[in-house]
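# Reading the structure
Next come the chains, spelled out residue by residue.
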Amino acid sequence: MKKVDLGAGPFLYPKPVALVGSDVRGRPNYCVAACVGIVNMEPPTLSVSLNKTHYTTIGIRESGTFSVNTPSADMVEITDYCGLVSGHKVDKSDMFDTFYGKASTAPMIRQCPINLECRVVQTLDFPGEVAFIGEIVAAYVDETCLTDGRPDIKKIDPLLFSFRDNHYLRVGEPVGRAWSVGKRLMQKET
Ligand SMILES: Cc1cc2nc3c(=O)[nH]c(=O)nc-3n(C[C@H](O)[C@H](O)[C@H](O)COP(=O)(O)O)c2cc1C
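Residues numbered from 1 in each chain as written. Predicted model: local features only at pLDDT ≥ 70, side-chain atom pairs only at ≥ 80, totals over all residues. Heavy atoms only, no water.

### Section: the overall build of the protein
A count of helices and strands for the protein gives four helices and 14 strands. The C-alpha atoms of the protein give 18 Å as radius of gyration, which agrees with the globular expectation for 190 residues (16 Å, within 12%). Put simply, the protein has 190 residues, and 38% of those count as buried. A separation of at least 24 residues holds for 60% of the contacts in the protein among residues at least 6 apart in sequence. Split by element, the accessible area of the protein, about 11,900 Å² in all, is 56% carbon and sulfur. (Helix = DSSP H or I, 4+ residues; strand = E, 2+ residues; numbered from the N terminus. Rg over C-alpha atoms; globule rule 2.2 N^0.38 Å. Buried < 20%, exposed > 50% of the residue type's maximum accessible area, 1.4 Å probe, protein only. Contact = heavy atoms within 4.5 Å. Areas by Shrake-Rupley, 256 points an atom, 1.4 Å probe, with all protein chains shown as cover.)

Take a look at the structure:
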């Protein structure tokens with residue numbers, strides 16, 4: 001199949017959409033981030049890359065904590081708003097019902113089905129962004145989004161983002177079970 005050279009760019013699909021929260025000058029603030037990913041399983045650790053000038057960034061640097069909240073697809077409008085306006089100019093503290101975990105100063109969004117409470121363990125400076133490496137110290141899920149005690153992606157209905165065509169999407173249908181569907185090919189090896 002013929003390949004087209006796209007040039008260097010962050011063409012990784014799909015991207016999650018997260019609402020990243022921090023307290024700035026005593027008030028919660030939330031911004032949208034698609035540059036989010038797990039970097040370690042145990043202890044569970046993720047990275048969030050934020051522009052150095054973002055209002056949210058100031059709060060993370062101040063408190064050493066932040067939250068990663070997954071909005072559901074029906075939160076698309078309010079989520080996009082948080083990616084359009086900055087806390088530098090608009091007070092976003094009342095946009096959501098905010099709650100806090102046991103020990104953290106990281107504000108979390110009750111309306112989001114999944115909330116991760118993070119403590120900064122490393123900060124990596126890149127030319128445009130700063131990557132906050134955060135240990136996930138607690139994770140919260142809406143009771144209604146569980147099936148057999150486990151988070152159910154269909155019930156969470158997380159918002160996804162497609163880079164360059166700039167569309168928000170939702171997840172589709174399951175196509176196979178992980179660590180299982182490939183086993184048929186292992187049998188072929190022998
Ligand atoms: C779909 C989408 C994805 C975004 N992803 C990021 C990101 O990964 N990192 C980042 O620094 N800004 C990202 N932004 C931009 C910020 O969310 C936006 O500049 C926001 O207004 C910053 O808010 P704050 O200044 O209150 O922190 C994204 C915006 C949108 C709409």
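### Points about the nonpolar core
Ranked by internal contacts, the top residues of the largest apolar core, which has 18 residues, are Val20, Leu46, Val48, Leu50, Phe66 and Val68. The set of elements that each furnish at least two residues to this core consists of strand S2 (18–24), strand S3 (27–33), strand S5 (45–51), strand S6 (65–70), strand S9 (114–125) and strand S10 (129–141). Judged by nonpolar contacts, the second largest core, of seven residues, contains Tyr30, Met75, Ile109 and Cys112. (Core = buried A, V, L, I, M, F, W, Y, C linked by side-chain atoms within 4.5 Å.)

### Some points on the site of the ligand
Taken together, 21 residues form the shell around the ligand, and within it Val32, Asn51, Thr56, Ser86 and Gly87 come nearest. Within the contact set of the ligand, an oxygen atom lies 3.0 Å away from a side-chain nitrogen or oxygen of His54. Elements supplying a minimum of two residues to the shell around the ligand: S3, S5, helix H1 (55–63) and helix H2 (76–84). Tallied by class, residues from the shell around the ligand come to eleven nonpolar, eight polar and two charged. (Near = heavy atom within 4 Å. Polar contact = N/O pair within 3.5 Å; in protein donor to acceptor, adjacent residues only side chain to side chain. Nonpolar A, V, L, I, M, F, W, Y, C, P; charged D, E, K, R; others polar.)

### With respect to the side chain of Asp157
In this fold, Asp157 is placed in the loop between helix H3 (153–156) and strand S13 (159–162). Taking the relative accessible area as the measure of exposure, Asp157 reaches 17% and is therefore buried. Side-chain polar atoms of Asp157 contact the side chain of Arg170, separated by 2.7 Å. Once residues within four sequence positions are removed from consideration, Asp157 is found in contact with Pro71, Ser72, Ala73 and Arg170.

### Overview of the side chain of Ser47
Examined against the element boundaries, Ser47 turns out to sit in strand S5. When near neighbours in sequence (up to four residues on either side) are disregarded, Ser47 contacts Cys35, Val36, Gly37, Val39, Phe132 and Ile133.

### Considering the sheet that holds S6
In any sheet, the strands associate via hydrogen bonds between backbone groups, in a parallel or an antiparallel arrangement. Here seven strands make up an open sheet; going across it, the order is S3-S2-S6-S9-S10-S5-S4 and the pairing antiparallel. Each having just a single partner strand, S3 and strand S4 (36–40) make up the two edges of the open sheet. Across the sheet, the axes of successive neighbouring strands diverge by a mean angle of 35°, strand direction being ignored. Relative to S10, S9 runs antiparallel, the two sharing eleven bridges. Looking at S10, one finds that Gln122 is bridged to Ile133. Across the face of the sheet, H1 comes into contact with S2, S3, S5, S6, S9 and S10 while running at roughly 60° to S2. Seen against the sheet, H2 touches S2 and S3 and runs at an angle of roughly 100° to S3. (Pairing = 2+ DSSP bridges. Axes fitted to C-alpha atoms, helices over the stretch in contact; angles between N-to-C directions.)

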